[in-house]
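The lines below spell out each chain.
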Amino acid sequence: MAVLAVVLLLALVGAGLAVVRPGPVAGWLGGGGADPKATADAAEPAPVPVLAAADPAAPAPTPDGVRAALDPLVRAPELGDRVNVSVADVANGDSLYTRGGDDGTVPASVTKLATAVTVLAARGPSYRIPTRAVAGAAPGEVVLVGGGDPTLAVDGDGFYPGAARLDDLAEQVKHALGGAEPTKVTVDSSLFPGPVYGPGWDSDIPTGGFGAAITALMTDGARTDPEDARKNFDDSHGWAERSPQPDLTAGRAFARLLGLSGDAAEVKRGKAPATNGAPAGAATPGAELGRVESLPLIRLVDIMISDSDNVIAEALARQVALARNQPGSFAGGAAAMDAVIGELGLPADEISLSDASGLSRNNRISPSLLTDLIALAGNGSHPELAAVFGGLPVAAWSGTLDGRYQATETKAGAGVVRAKTGTLTGVHAIAGLVTTRDGRLLSFAVLTDQAPAGTTDETRQALDRIASALAGCGCR
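Residues numbered from 1 in each chain as written. Predicted model: local features only at pLDDT ≥ 70, side-chain atom pairs only at ≥ 80, totals over all residues. Heavy atoms only, no water.

(A) Spatial organisation of the environment of Thr219. As for its position among the elements, Thr219 is in the loop between α7 (205-208) and α8 (226-231). On the accessibility criterion, Thr219 (9% relative accessible area) is buried. Between the alpha carbons of Thr219 and Leu166 there is a distance of 8.8 Å; along the sequence they are 53 residues apart. Non-local contacts of Thr219, meaning those with residues more than four positions away in its chain, are made with Pro150, Leu152, Ala153, Val154, Leu166 and Ala250. (Helix = DSSP H or I, 4+ residues; strand = E, 2+ residues; numbered from the N terminus. Buried < 20%, exposed > 50% of the residue type's maximum accessible area, 1.4 Å probe, protein only. Contact = heavy atoms within 4.5 Å.)

In structure tokens form, the structure reads like this:
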């Protein structure tokens, strides 16, 4: 509870700063017109908290009180004919409201909450994903071995700040070779077997820019122009052109960094040779020539949730699979996530996955599993899971909730709702945390997978009214 309270308080104090833009914050956020030196010299006002730390001793809502607040709202026609809801108390795990709470529902991107919790449980927040270069079987051959890092960059102009870089790896290889010239690059992306596109994905997703071919080696989440994608991220809502063969694209970039050109710069897929226990030297097939590592898992989880990054989600599910000795595939990731959910004492029979990003319409998760999962991450019994909250969008402030909770009927949720959203055609979902007027921390999940066509904005408003009702009442 203490860890979660600090995370919530820091994020929401940030929200308070955004309103008044004190001191140098105005410059960071585009305040414009201020003299930088004068701004830097000015005394910065102390921030005023907008949300007190969660208080487990605060008056708890009652099931009758929550029902009175939510029953009229969950019947809104904008939500469609199938609206499944769960609300629980984070401090004690008690269920406060359920409507189809145990029913499997298409979750869309809310799936990423399950991905985050299971990968944090399986790998731990500090784990880093390696990308290696090893000596090939042929003289001068360098094998680039993908470890599943979707954020790997070619150089300093990559999409993800702080990512591991191929140019650093290339310098390590040159040093290890001791002046010997590399002759060719082979790509080993065999860590992720099976289909590269997920079952149940809409037909436009592989070419539509929100998903990509999932391979064990890629750069910049398979984006073909990472610099342009970074500059236009807000306007494009994350859409970007993606490479159809991310592993070969990364291999070609690596070959160029090693100084190869022409036919020598063409790469093929292959397997890194086994060392078989032989003494390691630069000429020994399989000997490691260099290694770079991703950002810590806690940062990858933050990015996945805050940006709703589908490619990172699929890569992280494969880390769950590898940690549980499953194949690094869509099926292996789903099976491993299911196993970890069970290990955590949660009802694994209430989740059925085909992917980890939520792009698949085959996914089913119950609202009550989501609220149990969020409560488990927040109640202090598994401190490593609290990292899931760092990237959660804040209502009227960040991520997918930036432009929401600003209407009169929803502004009670501004700053006090932190949640992951999900959207597919006809599917709308939200799940996260809300602090009540009395300071009680609740987990909630609202999923509808039969929303009326052409009502996206109205359906989101209806979802936001539910969370805002919890924020604005004591519900006793």
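Don't stop here, the text continues.
(B) Highlighting the confidence of the model for the protein. For the protein, the mean per-residue pLDDT works out to 90, and 88% of the residues sit at or above 70. Predicted confidence for residues 1-34 stays below pLDDT 50, and this span has 53 contacts to residues more than four positions away or in other chains. (pLDDT = per-residue confidence, 0-100.)

(C) Broad picture of the layout of surface pockets. Of the volumes computed, that of the largest pocket is approximately 1,400 Å³. Considering the residues around the largest pocket, the lining is formed by 45 residues, among which His237, Gly238, Asp307, Ser308 and Thr400 are closest to the centre. Among the elements of the structure, α7, α9 (233-236), α11 (297-306), α12 (310-323) and β10 (417-424) are those that each provide at least two residues to the lining of the largest pocket. Looking at the lining of the largest pocket, the element that brings in the most residues is β10, giving five residues. (1 Å grid on protein atoms, 1.4 Å probe; cavity = no way out; pocket = protein on both sides within 12 Å on 5 of 7 lines; lining within 4 Å. Points joined across faces, edges and corners; volume = space filled by probe spheres on them.)

(D) Representation of the state of the cysteines within the structure. According to the stated counting rule, one finds one disulfide in the structure shown. Residue Cys473 pairs covalently with Cys475 via a disulfide, S to S 1.7 Å. Linking Cys473 and Cys475, the disulfide has an S-S dihedral of approximately -40 degrees and is accordingly described as left-handed. (Disulfide = S-S within 2.5 Å.)

(E) Seen up close, the sheet that holds strand β7 (residues 288-293). The strand order β6-β5-β4-β3-β7 describes an open sheet built from five strands, whose pairing is mixed. A strand with exactly one partner marks an edge of an open sheet, and here the two such strands are β6 (268-269) and β7. When strand β4 (residues 141-145) meets strand β5 (residues 184-188), the two strands line up parallel, connected through five bridges. Looking across to β5, one finds that Val142 is bridged to Val185. Across the sheet, helix α10 (residues 246-257) is in contact with β3 (130-135), β4, β5 and β6; its angle to β5 comes to roughly 150 degrees. (Pairing = 2+ DSSP bridges. Axes fitted to C-alpha atoms, helices over the stretch in contact; angles between N-to-C directions.)

(F) Up close: the packing of α11 against α12. At their nearest, the axes of α11 and α12 sit 9 Å apart, and the two run at 140 degrees to each other. One way to sum up the angle between α11 and α12 is to call them oblique. For α11 against α12, the interelement crossing comes out left-handed. On the side of α11, the interface is formed by Leu297, Leu300, Val301, Ile303 and Met304, while α12 contributes Ile312, Ala313 and Leu316. (Parallel < 35°, antiparallel > 145°, perpendicular 65-115°, else oblique. Left-handed = near helix turned anticlockwise from the far one by under 90°.)

(G) Expanded view of the sheet that holds strand β2 (residues 95-99). Spatially, the five strands line up as an open sheet ordered β2-β1-β12-β11-β10, and their pairing is antiparallel. Of all the strands in the sheet, just β2 and β10 have a single pairing partner and so form its edges. In this sheet, neighbouring strand axes are inclined to one another by 5 degrees on average, regardless of whether the strands run parallel or antiparallel. Across eight bridges, strand β11 (residues 427-435) lies against strand β12 (residues 441-448) in antiparallel orientation. Paired with His428 across the two strands is Thr448, which belongs to β12. Each of β1 (83-89) and β2 is contacted by helix α4 (residues 63-74), which is oriented at about 30 degrees to β2, the strand it contacts most. Here helix α15 (residues 456-472) sits on the sheet and contacts β1, β10, β11 and β12; the angle it forms with β11, its principal contact strand, is near 20 degrees.

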